[in-house]
Each structure stands twice: as C-alpha cells, then as structure tokens.
Amino acid sequence: MTRALFIIDVQNDFTEGGALGVEGGAAVAAGITRYLAQHPDRYDTVFASRDWHDGDNDNGGHFATGPLGAPNAPDFVTTWPVHCVAGTTGAEYHPALTLSAVTVGVRKGQGRPAYSIFEGVTDDGESLLQKLDGFGVDEVHVVGIATDYCVLASALDAVAAGRTVRVLNDLIAGVDPVSSALALTRLAAAGVRIESSAQN
Ligand SMILES: [Zn+2]
C-alpha cells in the first residue's frame, strides 16, 4: 500500500490574523508538524496545497471587495475577501508548518475559485491525479484548512479518484462550526473515515 498525506492550504491568510483567518489554524500548522515528526515513515509522499490567486482581478468572482452590508460584500460561502494573492505573505505557508517532509507543492486558484487540491497544478506542472498515479498512491489522509471548504472538496475528490480516504479530525480547522460538522457527516457518508491522528 502506498499512502499519501494531503496538507490543505495551511497558509497565513487562513490562520489567525490572516485575511480569512480560521480559529485553530495556527494550532493545526503546529499539530501537523508534530505529527510528521512523530511518524516520519507513515507517508510515502506528502502533498501541500496553497490557494494562489491573481492580484489584479476577482478570480472568477471568488473575491468580493464591498464593505459589510453592501451588495458586493463577501458572503463567506461563495465569495470571500481578498486572500492568498500569489507572492504575498498571506499566501505563504504558516511558519509553524514543517516543509521538510513535503514532497510535492500544489498551487490552485490562479484566476478562478478552486477549493479542491485536485484543481491545482504541481510545482513541476503536472496534475495532482498524474502525480498520485505516478507514485501509485492508493490511500490518502487529509489534514488542513478549511474543514468545510477545501478539506471537504479535496477529500471528496480523492474518493471520486478511487482512493481510500481518511480525514484526521484533530488536524483540521473550519470556517464555521455548523458547516464543518455537516462537512464531516457528508464525508463519512461518502465512505471517508474520520479519525484522530493518534488512531491511524
Ligand atoms: Zn481562494
């Protein structure tokens, strides 16, 4: 069996103090680092994604820049404040996340919304699926941010790609507690195992 870890969008803008900071995001960064240090041989390959948007357009309607209450204000469901613009500090990995274990970097969202890591391009220009097939990955574990958006979409796409999937529920953080709980229910219904990192 070949096992991969997906580290989804552990970036400054998605952690406390960022443009779209999620509560618990920094703790997730530190927790993933600790987990990988404790289990250096658990994964054959480690993928880390970043949201990587254009700075000169609204990325296909993904950004909304109006003030709160205005018709063009972000709704925090399908439209968002400006975040993770390519080359900015906000788009960088959170400093508490170890990068030494990361095998493949993936960037997504260039000019368009992209919630799933499968929509991204690897740093050497391949699709994620090409990389998974190339490495012969049959099991995927998913951690990162945000539970109710990019973790959800990435894990569902991994199921659709025929992989066995687990989400490690102590190494994720969500935008909203209600939609995060719904996301985990939906994932479980799709056959994803929801477990703590100590269980697997
Ligand atoms: Zn985005």
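Computed from a predicted model, the values in this text were never measured in an experiment.

Novice: Help me understand the overall build of the chain in this model?
Specialist: The helix and strand inventory of the chain stands at four helices and seven strands. What you see in the chain, going N to C, is helices and strands ordered as β-α-β-β-β-α-β-α-β-α-β. The C-alpha atoms of the chain give 16 Å as radius of gyration, which agrees with the globular expectation for 200 residues (16 Å, within 12%). Dimensions along the principal axes, computed over C-alpha positions, put the chain at roughly 50 × 35 × 30 Å. By the burial criterion, 50% of the 200 residues in the chain qualify as buried. When contacts within the chain are restricted to residue pairs at least 6 apart in sequence, those whose partners lie at least 24 apart make up 73%. Per element, the accessible surface of the chain, about 8600 Å² overall, is 53% carbon and sulfur. Averaged over its 12 positive side-chain charges, the chain has a centre that lies 7 Å from the centre of its 24 negative ones.

Novice: How should the side chain of Ser196 be read in this particular structure?
Specialist: As for its position among the elements, Ser196 is in the segment after β7 (193-195). Those residues within four positions of Ser196 in sequence are excluded, and the remaining contacts are Leu168, Asn169 and Asp170.

Novice: Help me understand the pairing of strand β6 (residues 164-173) in this model?
Specialist: Each regular strand displays side chains that alternate between the two surfaces of the sheet. Burial runs high along β6: seven of the ten residues are buried. As paired strands, strand β5 (residues 139-145) and β6 are joined by six bridges and run parallel to one another. Among the inter-strand pairings, Val142 is bridged to a residue of β6, identified as Val167. Remark: the β5/helix α3 (residues 147-160)/β6 crossover connection has right-handed handedness. Examined bridge by bridge, β6 and β7 share three bridges and lie parallel to one another. In the sheet register, Leu168 faces β7, and the bridge partner there is Glu195.

Novice: What is the right way to read the pairing of strand β1 (residues 3-8) from this model?
Specialist: Within β1, five of the six residues are buried, leaving the element largely enclosed by the surrounding structure. As defined by bridge partners, β1 adjoins β5 across six bridges and the pair is classed as parallel. Bridge pairing in β5 links Ile8 to Gly144. Of the pairings in the sheet, the one linking β1 to strand β2 (residues 45-51) comprises five bridges and is parallel in character. Directly across from Ile8, in β2, lies its bridge partner Ser49. Tracing the backbone out of β1, into helix α1 (residues 25-38) and back to the parallel element β2 gives a crossover that is right-handed.

Novice: Is there a simple way to think about the coordination of the zinc ion in this case?
Specialist: In an ideal tetrahedron of four donors about a metal, each angle is 109.5 degrees. In an ideal octahedron of six donors, the angles are 90 or 180 degrees. Looking at the zinc ion, one finds its protein donor set to be Asp51 (OD), His53 (NE2), His62 (NE2) and His83 (NE2), positioned 2.1 Å from the metal centre. Bound by four donor atoms, the zinc ion shows angles of 90 to 166° at the metal and therefore irregular coordination geometry. Summarised as a motif, the one-chain spacing of the donors to the zinc ion is D-x1-H-x8-H-x20-H. In this structure His53 comes out as buried when scored by relative accessible area, which is 0%. According to the relative accessible area criterion, His62 is buried, its value standing at 3%.

Novice: Even after reading the chapter, I still don't get the packing of α3 against helix α4 (residues 177-189), so can you show me in this structure?
Specialist: In helix packing, the relevant descriptors are the interaxial angle and the interaxial distance, both defined with respect to the helix axes. Relative to each other, α3 and α4 sit at 10°, their axes nearing to 9 Å. On the basis of their axis angle, the class for α3 and α4 is roughly parallel. Note on element contacts: α4 touches α3 through Ser179, Ser180, Ala183, Leu184, Arg186 and Leu187, opposite Thr147, Asp148, Leu152, Ala155 and Leu156. In terms of residue class, the contact of α3 with α4 is made up of six nonpolar, three polar and two charged.

Cut-offs used in this document
- Residues numbered from 1 in each chain as written.
- Predicted model: local features only at pLDDT ≥ 70, side-chain atom pairs only at ≥ 80, totals over all residues.
- Heavy atoms only, no water.
- Helix = DSSP H or I, 4+ residues; strand = E, 2+ residues; numbered from the N terminus.
- Rg over C-alpha atoms; globule rule 2.2 N^0.38 Å.
- Buried < 20%, exposed > 50% of the residue type's maximum accessible area, 1.4 Å probe, protein only.
- Contact = heavy atoms within 4.5 Å.
- Areas by Shrake-Rupley, 256 points an atom, 1.4 Å probe, with all protein chains shown as cover.
- Lys, Arg positive; Asp, Glu negative; His and termini not counted.
- Charge placed at Lys NZ, Arg CZ, Asp CG, Glu CD.
- Pairing = 2+ DSSP bridges.
- Right-handed = clockwise from strand over helix to strand, strands pointing away.
- Donors = N, O, S within 2.8 Å, 3.2 Å for Na, K, Ca; no water.
- Tetrahedral: all angles 85-135°; square planar, octahedral: opposite > 155°, others 65-115°.
- Axes fitted to C-alpha atoms, helices over the stretch in contact; angles between N-to-C directions.
- Parallel < 35°, antiparallel > 145°, perpendicular 65-115°, else oblique.
- Nonpolar A, V, L, I, M, F, W, Y, C, P; charged D, E, K, R; others polar.

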